[in-house]
Amino acid sequence: MPEPFDTRYDMTEAIAPAGSGGGRPVDPAASGPRTLKGGPRRGPWRLPFPWRGEPGRRSGGPAAPTGRGLWTDAWHDLRRNPIFVVSALIILFLVVIAIWPQLIASGNPYHGDLARAQDGPAPGHPFGYDLQGRDVYTRTVYGARASITVGICATLGAALLGSALGGLAGYFGGWWDALLSRIADVFFGIPILLGGLVFLSVVTSGSVWPVVGFIVLLGWPQISRIARGSVVTVKEHDYVQAARALGAGSGRTLLRHIAPNAVAPVIVVATIALGTYISLEATLSFLGVGLKPPTVSWGIDISSAATQIRNAPHMLLWPAGALSVTVLAFIMLGDAVRDALDPKLR
């Protein structure tokens, strides 16, 4: 099969030379095959257009750089941030022991031996004993379950409620925006500790759900304002206007075009708030209106150990240290996520 030829032929051999017959064409059989300018092409012939193969790349040329989105860039930065790695490992460990505390603590957090009340560390009991002779190490491990549950559930509830209300207010505006803004102002004016003392003092249940409900009730306005401002900024972009012009409804525009591009500030605020909610639960439990016995909680153990800080400081040291490390880990994680998602900090 003959090799493919270029379309640019050298016509010097197709025309008779001067004085060899009055310029008549030369017989191809007598003159031999026509030659190509530069020789025959080796391999198939391709159109050097960008839409053939990779965008912006000619055959055999270097690959064009591909753009990355916000989330890809954020994950690329987070993986190389030691603060994010350390905080994420700490949080992962806390979540694992909250779900399966028996992995590292085989004792019973409710079992007490009054003969060993307030004793210090002993073999098999590295954190000592509390006022009722219960193992402080076991109670510290089991106390992570209540704190992590309250923090995660309260954050998810406040983020979902605040994002929905704030997103609707920012998108529709008008009287809906004014009404939700005034309602949020009312909740902003309630001191959170005073509100907790009033709200939770009438609740007889000592489970985590009344505390979660209270935190969601007073926590959604902050996230609502963040979501509203983000939606107001995003809805003016050209791609949102183009979606409207093409006939996209309000629901599709919010869910497909606005929400994915407005959710980053909400994630940052919610991640930082999670640590704050954990410390709030411990504070309310310390004051006696949050979680109540027999629930195992760091706040309850800190409250019972506060009066014995001189005689048995180990009772206060370990639950307070676990609480501090947990809150610090979530705040560090939120700071790392903020640095990765904020384009102004790049």
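Residues numbered from 1 in each chain as written. Predicted model: local features only at pLDDT ≥ 70, side-chain atom pairs only at ≥ 80, totals over all residues. Heavy atoms only, no water.

**Let's talk about the overall build of the protein**
When its secondary structure is counted, the protein shows twelve helices and zero strands. For the protein, the sequential pattern of α-helices and β-strands runs α-α-α-α-α-α-α-α-α-α-α-α. Across the 346 residues of the protein, 36% fall into the buried class. Partitioning the intrachain contacts of the protein with sequence separation of at least 6 by distance along the chain shows that 68% fall at a separation of at least 24. (Helix = DSSP H or I, 4+ residues; strand = E, 2+ residues; numbered from the N terminus. Buried < 20%, exposed > 50% of the residue type's maximum accessible area, 1.4 Å probe, protein only. Contact = heavy atoms within 4.5 Å.)

**Quick word on a nonpolar patch on the surface**
A contiguous nonpolar patch, built from Ile192, Leu193, Leu194, Leu197, Val198, Phe286 and Leu287 and spanning about 590 Å² of accessible area, is present on the exposed surface. For the nonpolar patch, the leading source of residues is helix α6 (residues 192-200), giving five residues. In this fold, leucine 197 is placed in helix α6. Residue class for leucine 197 comes out partly exposed when judged on its relative accessible area of 36%. (Patch = residues over 30% accessible without salt bridge, like charges linked within 9 Å, V, L, I, M, F, W, Y side chains within 5 Å. Areas by Shrake-Rupley, 256 points an atom, 1.4 Å probe, with all protein chains shown as cover. Salt bridge = Lys/Arg side-chain N within 4 Å of Asp/Glu carboxyl O.)

**Quick notes on unusual backbone geometry**
Note the cis peptide between proline 293 and proline 294, where omega equals 15°. Relative to the assigned elements, proline 294 resides in the loop between α10 (264-286) and α11 (298-305). A positive phi angle, close to 65°, is found at glutamine 118, a residue other than glycine.

**Concerning α6**
Within α6, the full set of buried residues consists of Gly195, Gly196 and Leu200. For α6, the buried positions fall inside an angular range of 100° around the axis, keeping them on one side. The inward-facing, buried residues of α6 abut α7 (209-234) and α10. (Arc of directions from axis to C-beta.)

**Section: the packing of aromatic side chains**
As enumerated under the stated definition, the model contains seven aromatic pairs in all. Seen in terms of ring centroids, phenylalanine 127 and tryptophan 318 are 3.9 Å apart; in terms of plane orientation they differ by 5°. Their pairing is stacked. Of this pair, phenylalanine 127 sits in the loop between α3 (82-99) and α4 (136-172) while tryptophan 318 sits in helix α12 (residues 314-341); the two residues are 191 residues apart in sequence, bridging distant segments of the chain. When the centroid spacing of 5.8 Å and the interplanar angle of 25° are considered together, the rings of phenylalanine 199 and phenylalanine 214 count as stacked. Of the two residues, phenylalanine 199 sits in helix α6 while phenylalanine 214 sits in helix α7, which places them 15 residues apart along the sequence. Assessed through its relative accessible area of 36%, phenylalanine 199 is described here as partly exposed. Here the aromatic residues Phe127, Tyr137 and Trp318 are joined through ring pairs into a cluster of three or more. (Phe/Tyr/Trp six-rings, centres within 6.5 Å; stacked < 30°, edge-to-face > 60°.)

**Topic: the environment of serine 230**
Checked against the element boundaries, serine 230 lands in helix α7. Using a relative accessible area of 11% as the deciding quantity, one classes serine 230 as buried. Considered as a pair, serine 230 and alanine 262 are 32 residues apart in the sequence and their alpha carbons are 5.3 Å apart. Apart from residues lying up to four places away in sequence, serine 230 is in contact with Ala262 and Pro265. Here alanine 262 takes part through its backbone oxygen, which lies 2.9 Å from a polar atom of the side chain of serine 230. (Polar contact = N/O pair within 3.5 Å; in protein donor to acceptor, adjacent residues only side chain to side chain.)

**Side note on α3**
In this model α3 runs 26 Å from its N-terminal to its C-terminal C-alpha over 18 residues, within 8% of the 26 Å that 1.5 Å per residue would give. Turning to α3, its buried residues number three or more, namely Phe84, Ser87, Ile91, Leu94, Ile97 and Ala98. At the N-terminal end of α3, a side-chain oxygen is found 3.1 Å from the backbone nitrogen of isoleucine 83, two or three residues along, and the residue is asparagine 81. (Expected span 1.5 Å × (residues − 1).)

Keep in mind these values describe shape, not function.
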